[in-house]
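# What the coordinates show
The primary structure of each chain is shown beneath.
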Amino acid sequence: MTTHFITAEIDLQETPAELLKVIETELNKQGEPLRWAITSVDVNQQKATVEAVVTKNTQSLVVSAELEVDS
């Protein structure tokens, strides 16, 4: 398992609940979020910048690579 620092730009949503769902969905694409924060908001562009620390299971990545080689 490895840890990664990521930054994501998220479109602002109509409600805080919708924004939370979009942030969690986007971060889950990158791994398992350990912690995250909205670090800036651009009201003119309607974007929020989210910084996060996520973990990725490197063991499954190795298995996938081995399966591709064996095919």
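Here goes a summary of the coordinates provided. (Residues numbered from 1 in each chain as written. Predicted model: local features only at pLDDT ≥ 70, side-chain atom pairs only at ≥ 80, totals over all residues. Heavy atoms only, no water.)

### Let's talk about the nonpolar core
Note the threshold: Nonpolar cores are built from buried Ala, Val, Leu, Ile, Met, Phe, Trp, Tyr and Cys residues. Side-chain atoms within 4.5 Å join them into one set. Buried residues are those whose accessible area, probed at 1.4 Å on protein chains only, stays under 20% of the maximum for their type, while exposed residues exceed 50% and partly exposed ones sit between those limits. The helix and strand labels rest on DSSP assignments: H or I over at least four residues marks a helix, E over at least two residues marks a strand, and numbering proceeds from the N terminus. In what follows, a contact means two residues having at least one pair of non-hydrogen atoms within 4.5 Å.
Of all hydrophobic cores here, the largest spans 9 residues; its members are I6, A8, I10, L19, I23, L27, V50, A52 and V54. Within the residue set of this core, elements represented by two or more residues are strand 1 (2-11), helix 1 (16-30) and strand 3 (47-56). Excluding residues that lie within four positions of it along the chain, I23 makes contacts with I10, W36, I38 and V50.

### Notes on the pairing of strand 2 (residues 32-42)
The following threshold applies: Strand pairing requires that DSSP identify at least two bridges connecting the strands.
By the bridge criterion, 9 bridges tie strand 2 to strand 3 in an arrangement that is antiparallel. Across the sheet, W36 pairs through a bridge with A52, a residue of strand 3.

### As for the pattern of salt bridges
Defined as follows: Salt bridge criterion: a side-chain nitrogen from Lys or Arg within 4 Å of a carboxyl oxygen from Asp or Glu.
Under the criterion given, the structure shown has 2 salt bridges. The shortest N-O distance in the salt bridge between K47 and D11 comes to 2.4 Å. One end of the pair, K47, is in strand 3; the other, D11, is in strand 1, with 36 residues separating them in the sequence. K47 sits in the partly exposed class, given a relative accessible area of 25%. K29 is the partner of E26 in a salt bridge, and the nearest nitrogen-oxygen pair spans 3.4 Å. Of the two residues, E26 and K29 both sit in helix 1, 3 residues apart, roughly one turn of that helix. Taking relative accessible area as the criterion, K29 reaches 60% and is therefore assigned exposed.

### Observations regarding the side chain of T55
Topologically, T55 is positioned in strand 3. Given the relative accessible area of 11%, T55 is considered buried. The contact partners of T55, leaving out residues within four places of it in the chain, are M1, T2, T3, G31, E32 and L34.

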